[in-house]
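Architecture and fold: a report
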Amino acid sequence: AVLAMDPVWPNPANPAVTVRFRAAAGELATVQVLDVRGHVVRELHQSAGLGDWQNIIWNGLTDEGRAAASGVYLIRLKSGGELRTQRVVLAR
């Protein structure tokens, strides 16, 4: 399977957003939420891809369990040396 990520939905998000992605079976796939400065806000997924579409929901919380501020965030998918990025607006 080719690494792919559909547009995140809904966008703008309030308070949650769905990330739909596909990564090769057995290949480590990481999905992270970053702020506009590139700092990791939340790691949503880190495990082997299934070779089929997967859905993950970001509930607007940071790794520490706090509500992320309203603003622009990047959803980054990395796997097998490839990278896909989507922009999402969190509107509270």
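The rules behind each value
- The residue numbering used here restarts from 1 in each chain and proceeds along that chain's sequence as written.
- Only residues with pLDDT of 70 or above have their local features reported here, since the model is predicted, and side-chain atom pairs are shown and tallied only from 80 upward, although totals for entire chains, interfaces and linings are computed over all residues.
- Heavy atoms from the whole structure form the basis of all side-chain values; hydrogens and water molecules are not counted.
- The secondary structure listing takes helices from DSSP runs of H or I that are at least 4 residues long and strands from runs of E that are at least 2 residues long, numbered from the N terminus.
- Each radius of gyration is computed over the set of C-alpha atoms, and the globule rule expresses the reference value as 2.2 Å times the number of residues to the power 0.38.
- Only heavy atoms matter for contacts: two residues are in contact if any of them lie within 4.5 Å across the pair.
- What sets the accessible areas is the Shrake-Rupley method with a 1.4 Å probe; for residues, cover comes only from the shown protein chains.
- When charges are tallied, Lys and Arg are placed among the positive residues and Asp and Glu among the negative ones, while His and the ends of the chain are skipped.
- Lysine's charge is taken at NZ, arginine's at CZ, aspartate's at CG and glutamate's at CD.
- Any Lys or Arg side-chain nitrogen located within 4 Å of an Asp or Glu carboxyl oxygen qualifies as a salt bridge.
- Two strands are said to pair when DSSP picks up at least two bridges between them.
- Fitting a line to C-alpha atoms yields each axis, with helices limited to the stretch in contact; the angle taken between N-to-C directions then spans 0 to 180 degrees.
- Pairs of N or O atoms are called polar contacts if they sit within 3.5 Å, as long as, within protein, a hydrogen donor faces a hydrogen acceptor (for residues adjacent in sequence, only side-chain-to-side-chain pairs).

A word on the overall build of the chain
Counting its secondary structure elements, the chain contains zero helices and seven strands. The secondary structure elements of the chain, listed N-terminal to C-terminal, are β-β-β-β-β-β-β. On C-alpha atoms alone, the chain measures out to a radius of gyration of 12 Å, which is about the 12 Å that the 2.2 N^0.38 rule sets for 92 residues. Dimensions of the chain along its principal axes, counting C-alpha atoms only, are 35 × 20 × 20 Å. Put simply, 52% of the contacts in the chain that link residues at least 6 apart link residues at least 24 apart. For the chain, the exposed area adds up to about 5100 Å²; of that, 50% sits on carbon and sulfur atoms. Put simply, the chain has 10 plus and 8 minus side-chain charges, and the middle of one group is 6 Å from the middle of the other.

Comments concerning the pattern of salt bridges
Per the counting criterion, the structure on display carries five salt bridges. Between R20 and D6 there is a salt bridge, with the nearest N and O atoms lying 2.7 Å from each other. You can see R20 sitting in strand β2 (residues 17–22) and its partner D6 sitting in the loop between β1 (4–5) and β2, a full 14 residues away along the chain.

What about the sheet that holds strand β4 (residues 40–48)?
A sheet is described by the order of its strands in space; here four strands give the open sequence β4-β3-β6-β7, paired in antiparallel fashion. Each having just a single partner strand, β4 and β7 (82–90) make up the two edges of the open sheet. Pairwise comparison of adjacent strand axes, ignoring direction, gives a mean angle of 15° for this sheet. Pairing of strand β3 (residues 28–35) with β4 involves seven bridges; the strand directions are antiparallel. Considered in β4, the bridge of T30 is made with Q46.

Let's talk about the environment of R76
By the secondary structure assignment, R76 is in strand β6 (residues 71–79). Taking C-alpha positions, R76 is 16 Å from A13, a pair spaced 63 residues apart along the chain. Apart from the residues within four sequence positions on either side, R76 is in contact with T30, V31, Q32, L34, V40, L83, R84 and T85. Among the polar contacts listed, one links the side chain of R76 to the side chain of Q32, at a separation of 2.6 Å.

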